[in-house]
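Below, each chain spelled out in residue letters.
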Amino acid sequence: MLTAEQILAAHKANVETLFGLTNKAFEGVEKLVELNLQVAKTALSEVADNTAAALSVKDAQELLTLQAALLQPSAEKAAAYSRHLYDIASSTSSEVAKVTEGQLADAQKKFTAFVDNAAKNAPAGSENAVALVKSAVAAANNAFESVQKATKQAIEVAESNFQAATTQAVKATQTATRGSKRASA
């Protein structure tokens with residue numbers, strides 16, 4: 001049987017976990033805001049530089065060359081920005097997952113201890129029911145672990161696919177830029 005102290009301790013631990021997760025979420029938002037401010041400052045500076053360069057162009061050929069020169073860095077910056085966003089989201093998600101996994105593991109241990117304690121105090125003749133409950137708890141724990149493993153594998157595959165797509169996008173832009181430079185020459 002759970003005592004009032006145990007219930008109070010569980011609630012206190014849950015509140016502390018909630019505040020910890022909230023802090024992790026705010027840290028992720030802070031990183032995202034910082035990244036966006038940095039991108040906005042850089043973009044503003046680049047727009048000013050690019051406008052000055054475009055205003056100093058003397059003919060159409062020079063404009064095409066300038067345009068080709070500006071295309072590649074923009075695509076690379078967009079890819080880098082996407083990688084930073086992904087890193088922030090991934091980092092925040094993994095920190096939250098660690099806390100959650102720890103809490104779930106603790107809850108599983110406590111529940112297993114509760115079932116074991118209840119089994120010790122079960123009346124005679126209830127061995128089959130106790131065995132059934134223990135079997136159901138073990139099956140639930142195994143299913144949960146399988147879902148966790150599958151989720152981690154899916155995240156790893158998604159991350160690998162994201163990295164490959166980003167690399168391909170940058171390479172395609174570089175190829176297009178070289179092609180437009182050759183065409184304008």
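Note: the structure precedes this text.
Residues numbered from 1 in each chain as written. Predicted model: local features only at pLDDT ≥ 70, side-chain atom pairs only at ≥ 80, totals over all residues. Heavy atoms only, no water.

## What to know about the overall build of the protein chain
So, step 1. On a plain count of helices and strands, the protein chain comes out with three helices and zero strands.
So, step 2. In the protein chain, the succession of α and β elements from N to C terminus is α-α-α.
So, step 3. Radius of gyration (C-alpha) of the protein chain: 28 Å, far over the 16 Å computed for a compact globule of 185 residues.
So, step 4. Within the protein chain, buried positions represent 10% of all 185 residues.
So, step 5. Only carbon and sulfur atoms are counted for the fraction: they give 64% of the accessible area of the protein chain, which is about 13400 Å².
So, step 6. Of the charged side chains in the protein chain, 18 are positive and 19 negative; the average position of the first set lies 5 Å away from that of the second. (Helix = DSSP H or I, 4+ residues; strand = E, 2+ residues; numbered from the N terminus. Rg over C-alpha atoms; globule rule 2.2 N^0.38 Å. Buried < 20%, exposed > 50% of the residue type's maximum accessible area, 1.4 Å probe, protein only. Areas by Shrake-Rupley, 256 points an atom, 1.4 Å probe, with all protein chains shown as cover. Lys, Arg positive; Asp, Glu negative; His and termini not counted. Charge placed at Lys NZ, Arg CZ, Asp CG, Glu CD.)

## Digging into the side chain of T17
So, step 1. Along the polypeptide, T17 turns up in helix α1 (residues 4-55).
So, step 2. Excluding its chain neighbours within four sequence positions, the residues that come into contact with T17 are V99 and Q103. (Contact = heavy atoms within 4.5 Å.)

## Some remarks on the side chain of T92
So, step 1. Structurally, T92 can be placed in helix α2 (residues 60-120).
So, step 2. If we skip the residues at most four places from it in the chain, T92 touches K24, A25 and G28.

## Here we look at α2
So, step 1. With 61 residues, α2 ought to run about 90 Å at 1.5 Å a step, and its terminal C-alpha atoms sit 88 Å apart, in line with that.
So, step 2. Among the residues of α2, those classed as buried are L66, A68, A79, I88, T92, V115 and A119.
So, step 3. The backbone nitrogen of Q61 lies 3.4 Å from a side-chain oxygen of the residue at the head of α2, namely D59. (Expected span 1.5 Å × (residues − 1). Polar contact = N/O pair within 3.5 Å; in protein donor to acceptor, adjacent residues only side chain to side chain.)

## Considerations on a nonpolar patch on the surface
So, step 1. The grouping of V29, V33 and L37 at the surface amounts to a nonpolar patch, some 260 Å² of accessible area in total.
So, step 2. Relative to the elements of secondary structure, L37 occurs in helix α1. (Patch = residues over 30% accessible without salt bridge, like charges linked within 9 Å, V, L, I, M, F, W, Y side chains within 5 Å. Salt bridge = Lys/Arg side-chain N within 4 Å of Asp/Glu carboxyl O.)

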